[in-house]
Structures are given as C-alpha cells and as structure tokens.
Amino acid sequence: MSDVREHVVSPAREDGFVRGLAEAIGGPRGEHAVPETPQRGGRFWTAARIVLALTCLTLALHWVQKSPCRDGAWADYKQYTHFCYTDVLALYYAEHLNEGAVPYVDYPVEYPVLTGAFMGALGLPIHALGEKNSAIPQATLFYDTNAFVLSLFAIATVAMILSLRRRRPWDAALFALSPVLLVTATVNWDLLAIVLAVAGIWLWAKKYPVAAGVMLGLGMAAKLWPAFLFLPILIVAVRSRQYAALVNSIAAGVIAWLAVNVPVMLINFENWRRFLDLNSERIIDWGTSWYVGRHFDPFGLELWNNVPLVTNLSLALFALCCVGLLVFGLRVKTPPRLAQLAFVVVAVFLITNKVWSQQFTLWLLPLLVLARPKWPAFLAWQLAEVCYFVAFYGELMGASGKQVFPEWVFVFASMMRLSTVILLVVLVIRDMVRPELDVVRQAYADSDTPDPDGGPANEPLEPEPATGRPVAAIA
C-alpha cells in the first residue's frame, strides 16, 4: 500500500477526551472533509510539523523553567525553591569537569561509559575555553550546550515516533506536550539513552536488526535500561521464527557495548566499575515502592536497612517479572506488539527497583506513546508525576533543614505515581489480551504490518519443507 494512500487517524474521532476538547474549536474533522494522509494535512502545517513545533515549544519552556539555575550560583536553596535543580550543573563540579579531569581516566564517574564520555565531550572543551578566557561563564555555557544537544535528542525521538506511526502522527503529541518532558528534560542525561533506545526500536521496525542491536548496545552503554528491550525483541522474534534476526541483533548489541566499555576497562578498571559499585551500595531511594513499604511497616523490620538484601530482592523480583512477561508474551493468543512489551518491561523495572530518580520517568514516555496512545490514562499519570515533582522538591527542602510539609504528603505523592504506572501496565497487558482494544493494532489492521514496530516479525513464516504448510506461531 502506498504511503500517499494511507489514512491518518483523527484523534478527535477515536479518543473521547480529545473529542470533548475539539468541541471548543468547532468539533471533530467532518466526514466529508478531504482525508488527511501522512503527506497531506494543511498547506504547510501537517500533523508531523505541528507535533515537532510543539516539541520545540515544550523544550524552550523547559529551558526557561531551568534558567534560574543556569549560573550555578545556588544560594538560599534557589535550586529547590525555583524547582530548577539539574544534575548537569551539579556534576560539572562534582565530576571535576570544571578542573579539566578526563572521565574515567582522572576521576571515576557514577554513570555508564557513554554518558560519562558525553559529559566529557562537552565539558572538557568548555573548560579549556574558560581557561583561555576567564570572562566565559563555564557553568552556564556547559548547561546551555547540554540543553541544546539533549533537546536535539528529544526532537529526534519525536521524529522517529512519527516515522513509526505514519497513520497516527498525532500520537506523538503526547510526548511533545508532556508535563514530564517540560520539567525533567535536562535534569540528567537520560535523553541520550532514550534516543538510542527509540532508534533501536525504529531500526528493528525498518528491518535492520543488526543496526537495532548496535543502538540498543550503545543505549546500554549510556544507561542500563535499553538492554531490557532485547526481551521484547526475543519474544516477537521467537513467535515469528525470526531466529537469525534475533541472534544478529543481540550479538551486535553485545559487540557495541564491549566496543565502548572494554577500552575504559583497560585504562582504569576501578574507575569503570564505579557505576556498578554505587548501584549496589545505594540505599532505598525516595519515592520507590521500597520507600513506601518502609513507611508503612508496622514492625520496624531491619530488612529496609539491609542494602545487599534489598538489592538482591529487587533484582529477583524484576527477574521473576521478566520470566512472567516472557511466558505471557509467548503464550498469549495474539502476538503482542513490540512497543507494548517494551513499555511493560521498563515500567516493571521501575516499580520493583530500589532507585527511581525523578528523571527516570522520561524512560517510559516514548514507550507509552508507542504502546498505548490514549489521553485519559496518560493525563492521569502525568498529573501524578507533576504532583510527585512538586512533593519531591518539598522533600529536598526538608532534607536541607527547611521543613515544607509532613512526610506523609511525599509518601502519598509517591503512591500516586506508583499507582498510575501500575495502572498503565495493567491497561497495556489488557490490550495484549484483548487486541480489539488496541488502537494502534486497529489502525494498522488493513496493512501488511499489524505491528508497525515488528520489523522482521512481520515477515511471512517460512513454509515447512515436507508439507508446504506455513509454520504456526506459538499459541
């Protein structure tokens, strides 16, 4: 089917919430209007261009929101009272980039290698420039440069979502207008891992399994979580008997990860392993399910203070959930879509993990857009995230000696966030069990790709040599 002839789904016709909003501006698109296609919307403002413009607007507003902290002069808790704290500025000093220290060579970095290399690639030239000209505000320039590059990563992420959803370009508006993106885009360098992870999904969808594996391997070298996306690839590949694509993708991912990490291991192994050591030593983080459990523990169990035990339990719970997802994905009647599985595995990791930094929520954003692009549940989750964002800064003030509200307020906000993410997981699983509720699958029901992210999994099954009948997918 030609792309030009493909229709574009109107969100005002499909989503009750959007339909209600559309009534304020004249109602949904008329039945007799010229159908919109991926190439044709208005004369210039197609759906894709509008979404990209909205993304740029949100990122610009984010920069304004963080601007009070750009100079690094954080006196009188300004970084908390103005909600503008960012690791990008804090770690420019904490990781000694302001002194010209080379990550992993001169100083251990608390992040995986590719993130540390990204920090150094931007920070060291700025430090060198500042050494030559003392009038240059290094901290401000470092933050602005990072914000610009990370914004490009966000725009690239939206562009790939649009490419994956040519029939549903308006889905990407969930990402573009996300309050989470507005308040956390440059809190850390997570958009680097996000763009690599989404690139991996995009390349798999375009039937480049080796390149997809490389992107996911590089994503794993930036943050750990993109490695979890190999589980969804395994499930869709096994169900479609695409074993060669699966093996090639995993092998490429491992090679890409080794290519980035092995040189640093050889240069300074102790500095390289600092990330692993910190994660094993970290106590229960604010806002996690473990944090909430400790708050409501009536017995005062020592479990919560036993860091190795909590670490092992969280890993065991996540591993158990992965096994469950594997069995479910292989046995559910209709093959689940790759994006649905991807969202569930990353969400389950956050739910079971002992650490959930505020910016980790960004990981879920593009995956949910691809998995379940429905506004009501999405907005409920975003509202919970905004409440948590505000409560988190109040908790930071309390930890700094300026009590803002009692502890139960932060715990309640944490519970709201956990509850909405769990609800989203349940809804995505329900869509996998009942595919008639999956709006993405319905939009592509008349195409050759019922899973637009399936890539090699959409290839016709090889016939059996003896009978010539097609090989059935695992039921």
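The coordinates are above.
Rules used in this analysis
- Residue positions within a chain follow its written sequence, with the count starting from 1.
- The predicted nature of this model means local features are confined to residues of pLDDT at least 70 and side-chain atom pairs, given and counted, to a pLDDT of 80 or more, with totals for whole chains, interfaces and linings taken over all residues.
- Here the side-chain values reflect all heavy atoms present in the structure, with hydrogen atoms and water set aside.
- The definition of a nonpolar core used throughout is a set of buried Ala, Val, Leu, Ile, Met, Phe, Trp, Tyr and Cys residues joined through side-chain atoms within 4.5 Å.
- Burial status follows relative accessibility: with a 1.4 Å probe on protein chains alone, a residue under 20% of its type maximum counts as buried, one over 50% as exposed, and anything between as partly exposed.
- Note on contacts: a residue pair is in contact if any heavy atoms of the two residues lie within 4.5 Å.
- Definition used for salt bridges: Asp or Glu carboxyl oxygen within 4 Å of a side-chain nitrogen of Lys or Arg.
- The helix and strand labels rest on DSSP assignments: H or I over at least four residues marks a helix, E over at least two residues marks a strand, and numbering proceeds from the N terminus.
- Only Phe, Tyr and Trp rings are paired, with Trp represented by its six-membered ring, and only when their centres lie within 6.5 Å; those with planes under 30 degrees apart are stacked, over 60 edge-to-face, the remainder tilted.

## Quick notes on the nonpolar core
As a rule of thumb, nonpolar side chains are buried together in soluble globular proteins.
Then, number 1: Among the nonpolar cores identified, the biggest contains 112 residues, and Trp189, Trp225 and Phe343 are the most heavily contacted of them.
Then, number 2: If we skip the residues at most four places from it in the chain, tryptophan 225 touches Ala193, Ile194, Ala197, Val346, Trp363 and Leu367.
Then, number 3: The next biggest cluster of nonpolar side chains, apart from the first, holds 19 residues, and it includes Tyr291, Phe392, Tyr393 and Met397.

## Focus on the pattern of salt bridges
Then, number 1: Enumeration over the complete set of coordinates arrives at 13 salt bridges.
Then, number 2: For arginine 70, the salt bridge goes to aspartate 144, with nearest N and O atoms at 2.6 Å. With arginine 70 in the loop between α3 (47–66) and α4 (78–81) and aspartate 144 in helix α7 (residues 138–164), this residue pair connects regions lying 74 residues apart in the sequence.
Then, number 3: Among the residues examined, arginine 70 registers a relative accessible area of 19% and is labelled buried.

## Some details on the packing of aromatic side chains
Then, number 1: This structure, assessed with the given rule, holds 27 aromatic pairs.
Then, number 2: Between the aromatic rings of phenylalanine 228 and phenylalanine 318, the centroid separation amounts to 4.8 Å while the plane-to-plane angle is 55°, which identifies the pairing as tilted. With phenylalanine 228 in the loop between α11 (209–222) and α12 (230–239) and phenylalanine 318 in helix α17 (residues 307–331), this residue pair connects regions lying 90 residues apart in the sequence.
Then, number 3: In this structure phenylalanine 228 comes out as buried when scored by relative accessible area, which is 13%.
Then, number 4: Taken together, the aromatic side chains of Tyr77, Tyr80, Phe83, Trp286, Tyr291, Tyr388, Phe389, Phe392, Tyr393 and Phe410 make up a single cluster linked through ring pairs.

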